[in-house]
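Architecture at a glance
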Amino acid sequence: MSRSAFTLDGAEVPFDDGQTLIEAARAARRYVPFLCAHPDYPAHGSCRVCTVLVNGRPMAACTTKAAAGQVVESDTPALTADRRALVQMLFVEGNHFCPGCEKSGGCTLQSLGIELGVTSAGFAHESPVRPVDASHPDLLLDFDRCILCELCVRASADVDGKHVFALSGRGLHKHLIVNAESGRLVDTGMSVDDAAASVCPVGVILKKRVGFSTPIGQRPHDVATPRQQVEGKEGA
């Protein structure tokens, strides 16, 4: 094995100094399931979908630095079952009804559910009642679908420099908020062209007047799922 390589499910994966396991895996076109990890933003391991075994210990692939000689396992029955349970819990915690969602076909949660063979909720639906904010002329917020990935928070702060979003509360009461005295998106400086407007992996931040404009079968994850994108393959 190379001095700067680890094994992932038996295959050698080279890495550069400072790369995380998931960064090195992506560069080598090796897929590790993910949800909150995004190549443009520092990872913080919030969802744990990318958990792998590193020398037998469970660790988040998005935050764990690659090291020479590591033995990493991702594609195991136990890890797949754990990921499936996590995704099921995310589906029932929010109001994720894919056939009626504008994000269908471009939703990372939906695509991951398909990848993991999620065919039923598995748990009782919580059916939360959270507000829909349609105050902005170009954007709509459906808070029911938030999975607390913090991508919009980081995009707005680190790229847009506007700090429009934040997470408030703890534990079961943790939720997404808008940083305005009124709590409404219209009272912020957010623009439809902001990075935060396009980074949401689910259907929380939606652009008005473009819903369902792309036919089913031609949407991003219809053309190539996250696995196919990482592996450099086109969809069927």
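On a predicted model such as this, the values are computed, not experimentally measured, just so you know. (Residues numbered from 1 in each chain as written. Predicted model: local features only at pLDDT ≥ 70, side-chain atom pairs only at ≥ 80, totals over all residues. Heavy atoms only, no water.)

The next point concerns the overall build of the protein chain. A tally of regular secondary structure across the protein chain gives six helices and 10 strands. Whereas a compact globule of 236 residues would reach a radius of gyration of roughly 18 Å, the protein chain reaches 18 Å, a difference of no more than 12%. A principal-axis box enclosing the C-alpha atoms of the protein chain has dimensions of 55 × 40 × 35 Å. Across the 236 residues that make up the protein chain, the buried fraction comes to 44%. Contacts in the protein chain between residues at least 24 apart in sequence constitute 61% of all its contacts with a sequence separation of at least 6. Put simply, the protein chain shows about 12,100 Å² of open surface, and 52% of that area lies on carbon and sulfur atoms. Charge centroids of the protein chain, computed over 23 positive and 27 negative side chains, lie 2 Å from each other. (Helix = DSSP H or I, 4+ residues; strand = E, 2+ residues; numbered from the N terminus. Rg over C-alpha atoms; globule rule 2.2 N^0.38 Å. Buried < 20%, exposed > 50% of the residue type's maximum accessible area, 1.4 Å probe, protein only. Contact = heavy atoms within 4.5 Å. Areas by Shrake-Rupley, 256 points an atom, 1.4 Å probe, with all protein chains shown as cover. Lys, Arg positive; Asp, Glu negative; His and termini not counted. Charge placed at Lys NZ, Arg CZ, Asp CG, Glu CD.)

With that out of the way, let us pick up the pairing of strand β4 (residues 57–60). Sheet analysis places strand β3 (residues 51–54) next to β4, joined by four bridges and oriented antiparallel. If you follow Val54 over to β4, its bridge partner there is Arg57. Taken together, β3 and the strand that follows it, β4, pair antiparallel across an intervening segment of two residues, in which Asn55 is found at a positive phi of about 50 degrees. (Pairing = 2+ DSSP bridges.)

The next point concerns the sheet that holds strand β2 (residues 11–14). Strand order in this open sheet of five strands is β2-β1-β5-β3-β4, and the pairing throughout is mixed. Sheet topology places β2 and β4 at the edges, where each strand pairs with a single neighbour. The sheet shows a mean angle of 35 degrees between the axes of neighbouring strands, direction not considered. Here two bridges tie β3 to strand β5 (residues 71–73), and the two strands are oriented antiparallel to one another. Bridge pairing links Val54 to Val72 in β5. Here helix α2 (residues 77–93) sits on the sheet in contact with β3 and β5, set at roughly 155 degrees to β3. (Axes fitted to C-alpha atoms, helices over the stretch in contact; angles between N-to-C directions.)

Moving on, we come to α2. For α2, spanning 17 residues, the distance from its first C-alpha to its last is 24 Å, which sits close to the expected 24 Å at 1.5 Å a residue. All buried positions along α2 are accounted for by Leu79, Thr80, Arg83, Val87, Gln88, Phe91 and Val92. The inward-facing, buried residues of α2 contact β3, β5 and α3 (108–115). (Expected span 1.5 Å × (residues − 1).)

A few words on the domain arrangement of the protein chain. Assigned domains of the protein chain: these are domain 1 (4–75) and domain 2 (84–209). Just the C-alpha atoms count here: the centres of domain 1 and domain 2 sit 25 Å apart. At the interface, 14 residues of domain 1 touch 16 residues of domain 2. For the domain 1 and domain 2 pair, buried surface summed over both sides reaches about 1,200 Å², with 71% attributable to carbon and sulfur atoms. For domain 1, the biggest contributors to the area lost against domain 2 are Leu35, Tyr41 and His44; these three give 51% of the whole. Applying the counting criterion to the domain 1 and domain 2 interface returns three residue pairs in polar contact (both at pLDDT 80 or more). (Domains from an automatic or database assignment. Buried area = accessible area lost by both parts, 1.4 Å probe. Polar contact = N/O pair within 3.5 Å; in protein donor to acceptor, adjacent residues only side chain to side chain.)

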